[in-house]
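Summary of structural features
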Amino acid sequence: MLNNELGFLWKICLVMTSIAINSRGIAFNLTTLSGKESAELNCCSVYSVDDVLVANCSNLNWIFVDLRCVPVTTEVLLLDRNNLTTLTNGSFQTLTSLLQLSIQSSNVHRIENVSTLSMDGSETLQLGTEFSNLTQLNNLTLYCSKVTHVTNDSFIGLWHSSLTILNLIDFERFQYDPEYFDPDTLQTLFSDDAFQNLNSLEVLRIINCRIGNENMARKFKKFINSSMHTVYLEATHYIKDYYNPNSTFGDGIIFPSTIKYLSQLNLSHFYWIDSTIFAISPGVIASPQWRRHIKLIDFSKNMLGWVGWRFPLLEASRLEKLEEFRITSPSPENEVSYVDVGLDSVKADVHPSSSLSHLDYYNKQSLTESRATNTKSYFKRLETKNSSIRNPLFINDPISRALPLKNDFLNMKFSNKEVASAFEPNELLSQTSQTSYPQLDFFPQQSLLQFIQNPFDFTSSAIWTFRLPPSLRRLKVMYTVQRDNDYLNQSIRLFQSGGEAANVTQIYFVGNSISRGTGTIKGLTNLQLVDLSENAIMVEPYFFDDFPSLKYVILRSMMNEDFFQRTSIDRIIQNMPELRYLDLTDNKLNFLPLNLFSRNSHITHVILAKNRFSSFPITMDLVPNLKLLDLSGNALSYLTDEEMTALTKHSENVPDFYLALTGNNIVCVCSQIKFVLWLNISDYLDNKGNYTCTSQEGQLIDTNVLSRDASGFYRLCYGYNYFMISIVLLLVMSFIFLMAYLVHRFRTAIEASLVRIFIKAFRPMKSSDYKTHVFIGYADDDVGFVRHTLLRYLEEDLKISTFVHHRDLAPGYTDQQMFEAMRDSWRILLVITHTFLNNYELSDIIMKYASHSMSPANEKRLVLLVQETQLYNIPGSLYDVLEDSRIIVISDLSAHLDYVHRQEIKQCLRDIQ
């Protein structure tokens, strides 16, 4: 008992120390007493123990905390055996050095703002009788990083409390070896009856308690027929340090016997996240209690995408109240989470680094009724007269063979024509063992290395009818359907009631592996949001025509690079008159049709971040309601006067308009001084209009630095010119007087001199006018081709001088030397490869300079040597200044130049001689 009291003292000390340091609000007025109480109070005894200042205020019969006689440097405060009843906010705010507080036997019934306790000081989770007076406590979070035992009496002190929400977080020292544990050991570490004293609990969250999924599920027997409505479990699987294939695999399959207690709870929300769940047996999610009550089921960040996502999808339609069903696997970037964070302060210097936040804003503003998520379930059997196959859902599936499923579970028939649908399983589940501790090596180890075959064996054409839960509003399947899947001409019809799925408003189908489908999806008459991001998918242009009510279309990071070449963006959205939100982030786009959005005047958000736009891509007159245009991470150098004028006019018509330009290759050269100053005065830009730009000399400068000294920037740009104009005017005046004299006396000689001067001024430039014949621009990874193939031909066969940066760069600023080398070269030859366009950090600058270096005096200065696969990826800024004859296509850089290529190169450089 003494140990328990000491443990309680330590816990309370930590709690009250947090309150003393962090509490805010009402400060207790120490000079005002209620009623006619005397102001003369007994003072505390203050002394030092081992250089620790202690204030002993015990046995003073205090009814409130009075700190007038307590030094502000007190580190230990003893308030034992008083009559405090309640500790209010601010009671200890003056004691900034307080480390320990003791309130034993002080009749404390209530502590304001106590909702979080750290149990780091104890290996046994124990909220004893000392907590019995906190009857008003209703929300409690316990951090259990050092807890190794949870017993039957861990929560005995909360027997009479009104606790409704309990969070147990970070059991870092629970380390279960599934190969060696036994039931008795489990009971001593984490008792099945640990929650027996929590009578009013409604919400229970357990995070990072890796005692095994089956073991965790046994803790909920006490809550049968209780008021509990939400269970959140995260990271409950065996810890990886004690990995055992058979045991871990068995623990990752959820049977009805596994959650026999959970399935009897009247839950409305159930989460089992990031717990290495491989498969879910039939009958798990369709218990009678869940059918009538469950609204949300979340199996996110598990391994269902590889093996066992089918059964829960099949059974979901039985859940009468289901609004949201999540089955996702971990993504390569820690699964995208669509939470309602919002973009309310986006104009207050907030950079929208990801368009997810833009979408979240809309989820709050106009999709609040669509809070549910996803399931696809209760497939209907397709029947025809001609052909039939055995159940295609479970062909060659080791998991389905391991689960106790009847052989005649499903039969499916279909034909090339639509047929009546009736997918009605006779029995989802045969009886399974109900023992509390089943053998964990039930499944062979080879099952861990097998994957499900294609889930459907299709004919060339079919229409599949699926029944969805009647209340389902959001369908979310992310990183789940794996492997290449070619579904040919397979159409899908979804329904909830009345022949359509009118309640479904959002579909997230992200990071899956369907490679091609030429069919359609029918029944989604009220679909408002579709997200097909990160798919290697190829659909027909008419695929989106069946969703006229779509308001939000998200096509981020499409894995198929030909997606937008085969299906143009204007074709995708042309039949979406209600479109509000379009996200095309990270798709390597460099062009949009000029008439894009001509049929989408209601659009308010356009996200084009992380693409390759080198010019402003949209016409502002076609988007009168646009509120957000995200062009961050593109290749924009500047905006034209017309574009700046259109944006400024639009911001006046739409006051909350917002433009994102961060991450572009903005130039702050003298020819674009108006654009640089425009960035500073426009209040609708991200990052307050401050961007990194490249100066005339190739240096990186912040635009706000230039804007703060606009007059200095103007003088830097034009001061020299004006000075030279003055000198020229002086020279002109002198020259006029001189000419008058010379014309009068040396008329014939002057005429001859003038002819020679004007002929020289306007003659085409020759190679002899430049320091170097050819500047070769290439990526570092292509140096082998340049050094061993191209240079040998140019320098040894054609006998011309070249500049290559691997050989000719001197110490110093690389960018400046590259600019000078291009300026001093008669011809600029660029080797365009995938590496040059995507991985060479100087490619954009070199291509921009090369395109701007073309002039009437040297109009054939630029030549491209293009890898065949990159022919259609050449930026428009180069295409605009080149003739086709100046583009030489090479299929293989590893081969020697053939005769045709040599002649083409020689032809482009022929007048060097």
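Rules and cut-offs
- Residues numbered from 1 in each chain as written.
- Predicted model: local features only at pLDDT ≥ 70, side-chain atom pairs only at ≥ 80, totals over all residues.
- Heavy atoms only, no water.
- Helix = DSSP H or I, 4+ residues; strand = E, 2+ residues; numbered from the N terminus.
- Buried < 20%, exposed > 50% of the residue type's maximum accessible area, 1.4 Å probe, protein only.
- Contact = heavy atoms within 4.5 Å.
- Areas by Shrake-Rupley, 256 points an atom, 1.4 Å probe, with all protein chains shown as cover.
- Pairing = 2+ DSSP bridges.
- Axes fitted to C-alpha atoms, helices over the stretch in contact; angles between N-to-C directions.
- Phe/Tyr/Trp six-rings, centres within 6.5 Å; stacked < 30°, edge-to-face > 60°.
- Lys NZ or Arg CZ within 6 Å of the ring centre and 35° of its normal.
- Disulfide = S-S within 2.5 Å.
- pLDDT = per-residue confidence, 0-100.
- Parallel < 35°, antiparallel > 145°, perpendicular 65-115°, else oblique.
- Left-handed = near helix turned anticlockwise from the far one by under 90°.
- Nonpolar A, V, L, I, M, F, W, Y, C, P; charged D, E, K, R; others polar.
- Bend = angle between axes of the 7 residues up to and from the residue.
- Polar contact = N/O pair within 3.5 Å; in protein donor to acceptor, adjacent residues only side chain to side chain.

1. Side note on the overall build of the protein chain
- A tally of regular secondary structure across the protein chain gives 22 helices and 40 strands.
- Counting across all 913 residues of the protein chain, residues that qualify as buried make up 51%.
- Residue pairs in contact within the protein chain that sit at least 24 positions apart in sequence constitute 73% of those at least 6 positions apart.
- Accessible surface, the protein chain: about 42,900 Å² in total, of which carbon and sulfur atoms supply 51%.

2. What about the sheet that holds strand S5 (residues 100-102)?
- In space, the 4 strands of this open sheet follow the order S1-S2-S3-S5, with mixed pairing throughout. Strands with a single pairing partner mark the edges of an open sheet, and in this sheet they are strand S1 (45-49) and S5. When strand polarity is set aside, the average angle formed by the axes of neighbouring strands in this sheet is 15°.

3. Regarding the sheet that holds strand S36 (residues 772-777)
- On the basis of which strands lie adjacent, the open sheet formed by 5 strands has the order S37-S36-S38-S39-S40 and parallel pairing. Of all the strands in the sheet, just strand S37 (802-803) and strand S40 (887-890) have a single pairing partner and so form its edges.

4. What to know about the packing of aromatic side chains
- In total, this model carries 19 aromatic pairs according to the counting rule given.
- Summarising the aromatic geometry, the rings of Tyr 552 and Tyr 581 are spaced 6.2 Å apart at their centres and angled 50° between planes, so their arrangement reads as tilted. Placement of the pair is Tyr 552 in strand S29 (residues 552-554) and Tyr 581 in strand S30 (residues 581-583), with a sequence separation of 29 residues. With respect to class, Tyr 552 is no different from Tyr 581; both count as buried.
- Aromatic rings pair up to connect Phe 155, Phe 171, Phe 190, Phe 195, Phe 220 and Phe 223 into one cluster.
- Note that Arg 827 overlies the ring of Trp 826, its terminal NZ or CZ placed 3.6 Å from the centroid.

5. Comments concerning the state of the cysteines
- In this structure the tally under the stated criterion is 2 disulfides.
- Between the sulfur atoms of Cys 668 and its disulfide partner Cys 693 the distance amounts to 2.3 Å. Linking Cys 668 and Cys 693, the disulfide has an S-S dihedral of approximately 85° and is accordingly described as right-handed. You can see Cys 668 sitting in the loop between strand S33 (658-660) and helix H12 (673-681) and its partner Cys 693 sitting in strand S34 (residues 692-694), a full 25 residues away along the chain.
- For Cys 668, a relative accessible area of 3% gives the class buried.
- When its relative accessible area of 0% is taken as the criterion, Cys 693 is described as buried.
- Free cysteine: Cys 43, not disulfide-bonded; nearest cysteine sulfur from Cys 69 at 3.4 Å.
- We classify Cys 43 as exposed; its relative accessible area is 52%.

6. Some thoughts on the confidence of the model for the protein chain
- With 72% of its residues at a pLDDT of 70 or more, the protein chain shows a mean pLDDT of 75.
- Note that pLDDT drops below 50 for residues 12-41; the model gives that stretch 48 contacts with residues more than four away or on any other chain.
- In this model, residues 334-458 is a region of pLDDT below 50 whose contacts with residues beyond four sequence positions or in other chains number 333 contacts.

7. Here we look at the packing of helix H18 (residues 814-823) against helix H20 (residues 843-852)
- It is the contact of H18 with H20, at a shortest axis distance of 11 Å, that shows an interaxial angle of 30°. Taken as axis vectors, H18 and H20 run roughly parallel relative to one another. Of the two elements, H18 crosses H20, and the hand of that crossing is right-handed. Between H18, through Met 818, Phe 819, Met 822 and Arg 823, and H20, the contact on the second element is made entirely by Ile 845, Ile 846 and Tyr 849.
- Within the contact of H18 with H20, the residues separate by chemical class into 6 nonpolar, no polar and 1 charged.

8. Looking at unusual backbone geometry
- Backbone geometry at Ala 235 places phi at a positive 55°, although glycine is not the residue there.
- One can find Ala 235 in the loop between strand S13 (230-234) and helix H4 (245-251).
- Overall, Ala 235 belongs to the buried group, its relative accessible area being 5%.
- Phi at Lys 799 takes a positive value of approximately 60°, unusual for a residue other than glycine.
- Along the polypeptide, Lys 799 turns up in the loop between helix H16 (783-797) and S37.

9. Concerning the environment of Ser 263
- Within the secondary structure layout, Ser 263 lies in the loop between strand S14 (253-254) and strand S15 (269-273).
- Separated by 27 residues in the primary sequence, Ser 263 and Trp 290 have C-alpha atoms spaced 6.7 Å apart.
- Ignoring anything within four residues of it in the chain, the contact list for Ser 263 reads Val 284, Ser 287, Gln 289 and Trp 290.

10. Re H16
- If you look at H16, its biggest bend is around 45°, right at Leu 791.
- Among all positions of H16, only Phe 785, Val 786, Thr 789, Leu 790, Leu 791, Tyr 793 and Leu 794 are buried.
- At the C-terminal side of H16, Lys 799 shows a positive phi close to 60°.

11. Here's the deal with the environment of Val 804
- Along the polypeptide, Val 804 turns up in the loop between S37 and helix H17 (805-808).
- Here the alpha-carbon distance between Val 804 and Leu 791, two residues 13 residues apart in the chain, equals 9.1 Å.
- Ignoring sequence-local partners within four residues, the contact set of Val 804 consists of Ile 776, Tyr 778, Val 786, Leu 791 and Leu 809.

12. Focus: the packing of helix H11 (residues 641-653) against H12
- Here H11 crosses H12 at 15°, and the two axes come no closer than 11 Å. Classified by the angle between their axes, H11 and H12 sit roughly parallel to one another. Seen along the crossing, H11 lies across H12 with a hand that is left-handed. Note on element contacts: H12 touches H11 through Lys 674, Phe 675 and Trp 678, opposite Asp 641, Met 644, Leu 647 and Thr 648.
- Within the contact of H11 with H12, the residues separate by chemical class into 4 nonpolar, 1 polar and 2 charged.

13. Focus: the side chain of Thr 802
- Assignment of secondary structure puts Thr 802 in strand S37.
- Overall, Thr 802 belongs to the buried group, its relative accessible area being 9%.
- A distance of 2.4 Å separates the side chain of Thr 802 from the side chain of Glu 795, its partner in a polar contact.
- For Thr 802, the side chain forms a polar contact with the side chain of Arg 807, separated by 3.1 Å.
- If sequence neighbours within four positions are ignored, Thr 802 has contacts with Thr 772, Val 774, Ile 776, Leu 791, Leu 794, Glu 795, Arg 807 and Asp 808.

14. A short note on the pairing of strand S18 (residues 324-328)
- Counted residue by residue, S18 has 5 buried out of 5 residues, so it is predominantly covered.
- Burial along S18 is two-sided: Glu 324, Arg 326 and Thr 328 facing one way and Phe 325 and Ile 327 facing the other are all buried.
- Pairing analysis gives 4 bridges linking strand S17 (residues 296-299) to S18, with the strands arranged parallel. The residue of S18 that forms the bridge with Ile 297 is Phe 325.
- Of the pairings in the sheet, the one linking S18 to strand S22 (residues 474-478) comprises 5 bridges and is parallel in character. Within S22, the position partnered with Glu 324 by the bridge is Arg 474.

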